[in-house]
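# Descriptive structure summary
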Amino acid sequence: MKKNDLLTGFCDEIGFNGEGIFHIEGTTFFVPYCLRGELVTFKVLKIKKGIGYGKVESILEKSPDRTEPNCNVFSKCGGCQLLHANYDCQLNIKKQTVKNAFKKICGLDINIDSVYHGENIYGYRNKLQLPVREQNGRVKVGFFRENSHDVVEIDSCAIQPSWATEIIKIIKNFVDGKKVTAYNETTKKGLIRHVVVREIDNKFIVTVVANGDKIMGVNRLIEALLQKFSDLSVYLNVNKKDDNIIFGDRFVLLYGNGKIAISEFGINYEVGPQSFVQVNTEVKNLLYQKVVEFADIGGDYVVIDGYSGAGVLTAMLSKKAKKAYGVEIIKEAVDSANKLAKDNGLSDKMESICAPCEDILPDLIEREAKNGNKTVLVLDPPRKGVELNVLLSALKCKPDKIIYVACSPQSLARDIGVLTDNLQVEDNKITGLNKTPNPVYELTSVSLFDLFPHTKHIESLAVLRKI
Ligand SMILES: C[S@@+](CC[C@H](N)C(=O)[O-])C[C@H]1O[C@@H](n2cnc3c(N)ncnc32)[C@H](O)[C@@H]1O
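Residues numbered from 1 in each chain as written. Predicted model: local features only at pLDDT ≥ 70, side-chain atom pairs only at ≥ 80, totals over all residues. Heavy atoms only, no water.

### Overview of the overall build of the protein chain
- When helices and strands are counted, the protein chain shows nine helices and 25 strands.
- Relative to its length of 467 residues, the protein chain is compact, with a C-alpha radius of gyration of 24 Å against a globular reference of 23 Å.
- Buried positions account for 53% of the 467 residues belonging to the protein chain.
- Looking at the protein chain alone, contacts between residues at least 24 apart form 60% of all its contacts between residues at least 6 apart.
- Roughly 21,200 Å² of accessible area belongs to the protein chain as shown, and the carbon and sulfur atoms make up 48% of that amount.
- When the 62 positive and 58 negative side-chain charges of the protein chain are each reduced to one mean point, those points stand 4 Å apart. (Helix = DSSP H or I, 4+ residues; strand = E, 2+ residues; numbered from the N terminus. Rg over C-alpha atoms; globule rule 2.2 N^0.38 Å. Buried < 20%, exposed > 50% of the residue type's maximum accessible area, 1.4 Å probe, protein only. Contact = heavy atoms within 4.5 Å. Areas by Shrake-Rupley, 256 points an atom, 1.4 Å probe, with all protein chains shown as cover. Lys, Arg positive; Asp, Glu negative; His and termini not counted. Charge placed at Lys NZ, Arg CZ, Asp CG, Glu CD.)

### A few points about the pairing of strand β18 (residues 323–328)
- Within β18, five of the six residues are buried, which leaves the element mostly enclosed by the surrounding structure.
- Here strand β17 (residues 301–306) pairs with β18 via five bridges, running parallel. Across the sheet, Val303 pairs through a bridge with Ala324, a residue of β18.
- What joins β17 to β18 is helix α5 (residues 312–320), and the crossover it makes is right-handed.
- In the sheet, β18 pairs with strand β19 (residues 350–354) via five bridges, with the strands oriented parallel. By the bridge assignment for β19, Tyr325 is matched with Glu351.
- Regarding the hand of the β-α-β motif, the stretch spanning β18, helix α6 (residues 331–343) and β19 is right-handed. (Pairing = 2+ DSSP bridges. Right-handed = clockwise from strand over helix to strand, strands pointing away.)

### Let's talk about the site of the ligand
- Looking at the ligand, there are 16 residues lining it, with Tyr288, Glu328, Cys357, Glu358 and Asp380 nearest.
- Separating an oxygen atom of the ligand from a side-chain N or O atom of Tyr288 is a distance of 2.4 Å.
- In this structure, a nitrogen atom belonging to the ligand sits 2.8 Å away from a side-chain N or O atom of Asp380.
- When the free accessible area of the ligand is taken as 600 Å², the share hidden by the protein chains comes to 89%.
- Of the residues belonging to the shell around the ligand, the class tally is 10 nonpolar, two polar and four charged. (Near = heavy atom within 4 Å. Polar contact = N/O pair within 3.5 Å; in protein donor to acceptor, adjacent residues only side chain to side chain. Nonpolar A, V, L, I, M, F, W, Y, C, P; charged D, E, K, R; others polar.)

### Looking at a nonpolar patch on the surface
- On the surface, Leu45, Ile51 and Tyr53 cluster together to form a nonpolar patch covering roughly 250 Å² of accessible area.
- Note on placement: Ile51 falls in strand β6 (residues 51–61).
- With relative accessibility at 33%, the residue Ile51 sits in the partly exposed group. (Patch = residues over 30% accessible without salt bridge, like charges linked within 9 Å, V, L, I, M, F, W, Y side chains within 5 Å. Salt bridge = Lys/Arg side-chain N within 4 Å of Asp/Glu carboxyl O.)

### Comments concerning the sheet that holds strand β8 (residues 127–135)
- Taking strand neighbours across the sheet as the criterion, the seven strands line up as β10-β9-β8-β11-β12-β13-β14 in an open arrangement whose pairing is mixed. Of all the strands in the sheet, just β10 (151–153) and β14 (250–255) have a single pairing partner and so form its edges. Each adjacent strand pair in this sheet contributes to an overall mean axis angle of 35°, direction not counted.
- Of the strand pairs in this sheet, β8 and strand β9 (residues 138–144) are connected by four bridges, and their pairing is antiparallel. Residue pairing for β9: Glu134 is matched across the bridge by Val139.
- Docked against the sheet, helix α2 (residues 162–174) engages β8, β9, β11 (192–200) and β12 (203–210), running at close to 25° with respect to β8.
- In the packing of helix α3 (residues 218–228) onto the sheet, the strands contacted are β12, β13 (232–238) and β14, and the crossing angle to β13 comes to about 145°. (Axes fitted to C-alpha atoms, helices over the stretch in contact; angles between N-to-C directions.)

### Describing the packing of aromatic side chains
- A complete count under the given rule lists nine aromatic pairs for this structure.
- Where Phe29 meets Phe42, the ring centres are 5.2 Å apart and the plane angle is 55°; that geometry is what we call tilted. Taken together, the residues Phe29 in strand β4 (residues 27–31) and Phe42 in strand β5 (residues 39–48) connect sequence positions 13 residues apart. Each member of the pair, Phe29 as well as Phe42, carries the same accessibility label: buried.
- Ring centres of Tyr116 and Phe449 lie 4.7 Å apart, and the angle between their planes is 20°; this geometry places the pair in the stacked category. Of this pair, Tyr116 sits in strand β7 (residues 115–117) while Phe449 sits in strand β24 (residues 441–450); the two residues are 333 residues apart in sequence, bridging distant segments of the chain.
- Clustering of aromatic rings is evident, with ring pairs tying together Phe22, Phe29 and Phe42.
- We note Arg193 situated over the ring of Tyr183; from NZ or CZ to the ring centre the distance is 4.3 Å. (Phe/Tyr/Trp six-rings, centres within 6.5 Å; stacked < 30°, edge-to-face > 60°. Lys NZ or Arg CZ within 6 Å of the ring centre and 35° of its normal.)

### Some thoughts on the pattern of salt bridges
- What the rule picks out here adds up to 28 salt bridges.
- Taking the shortest distance from any N to any O, the salt bridge between Asp150 and Arg145 comes out at 3.5 Å.
- For Asp150, a relative accessible area of 39% translates into the label partly exposed.
- Here Arg145 falls in the partly exposed class, since its relative accessible area comes to 35%.
- One salt-bridge network, in which partners are shared between bridges, spans Asp213, Lys240 and Arg250.

### Considerations on the state of the cysteines
- As enumerated under the stated definition, the model contains zero disulfides in all.
- Of all cysteine sulfurs, the one in Cys157 lies closest to Cys80, which takes part in no disulfide; the gap is 5.8 Å.
- Its sulfur unpaired, Cys354 is 11 Å from the next cysteine sulfur, which belongs to Cys357. (Disulfide = S-S within 2.5 Å.)

### As for the layout of surface pockets
- Roughly 910 Å³ of volume is contained in the second largest pocket.
- Forming the walls of the second largest pocket are 26 residues, and the residues nearest its centre are Pro32, Tyr33, Gly54, Ser75 and Glu146.
- Per-element tally for the lining of the second largest pocket: the top contributor is β6, with five residues.
- The residue inventory of the lining of the second largest pocket, partitioned by class, reads nine nonpolar, eight polar and nine charged.
- Counting residues domain by domain, the lining of the second largest pocket receives three or more from each of domain 1 (1–66) and domain 3 (127–263). (1 Å grid on protein atoms, 1.4 Å probe; cavity = no way out; pocket = protein on both sides within 12 Å on 5 of 7 lines; lining within 4 Å. Points joined across faces, edges and corners; volume = space filled by probe spheres on them. Domains from an automatic or database assignment.)

Written out as structure tokens, the structure is:
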């Protein structure tokens, strides 16, 4: 078997990235956009040491779960990996992905207790992240192709609400390549790099990321946006760096009050252009309610909320607890959390600390343990998961409960493996499976929250109880 061969086989299972997995003559092939049980002819794109990658040529026997994707750039843009599967099938794939991650990474056979999803499985995103580039002599506005910086041009998107269609139209009109240029990654010239929009309750923050300190004629853009969106803030973000991080350090408010005011769960708070907000408001609300329910805190509990963002969850938890600490690295989010505490009369119950969790949590967990307080540790880290020193300090000081919210099933499985002693740690490194675990924590439940229908992503909520 070699590159460019056409192979035919049955899809045996679905991989972590939503792709079909085929086992042919001792080689495992990963082929996107296939479903389990389908007979597929695919072209070999790459093959090395028993691992191959392929591209579908034709599907000879289709799965009954296959549906027609309602998107004309499906499989070109990197956004949705599962739009070709009906929704029940998508949820089953995600369930299996999480179970497989636990089995493979920490040797645990887990049950998934519940899978929660919203009513809206299309048009659910409250955030639009639009690359703008000059490529092949043209301005392109759209989404990046998977694993690439090629822009696939779009007019609308199945998982974005209709406001995104309006924004895309306005940006395409504004960045004409003459008066307002688009960034070219090769020459490093051109002005507009990205447009990032956050929407909550019909209130909008539009951030235009530019390779320069000002945008000539930006008032034309603001006027066009105001014709469609009355509650609006517009920022310029200056990013002259040659890297893949979207935002540069400097935000300049060009229009509006710069924040979105939100009222949820009896808490009033504000978010800015950099605050982390889950992209699916409906399912995020379900998730937060379940975190509070599982935490099951009494008035004598202290909560330590690691990776706490703008502090909404910290505030919800603080209402039930003696005290809640939030630890978050982004200053803007901590400022929002402090304002939230003040505005909601929670300043004596809630304290937000701006620092990396790995620097603060070990001491904080130890201090609360020494004070003899009952503690719940909530962890909601980014994709890379929780730093090992934080997990080790939890194992040393033993908070009563650990609630772990994860966007990466792989990082979750690794970290739960450490917390349940299924993974062995030596010299501050994970060294492999532990054959004779002696656990301090028991994994009592794993539930899933589909914040990201039609994509490969899934949010998990794991609960650990001290044995
Ligand atoms: C998945 S978000 C969760 C935020 C919050 N719990 C929520 O639901 O809105 C992860 C958060 O961790 C923050 N973060 C990333 N690395 C961090 C670190 N090393 N220490 C503290 N916070 C960090 C990010 O800025 C982000 O706000």
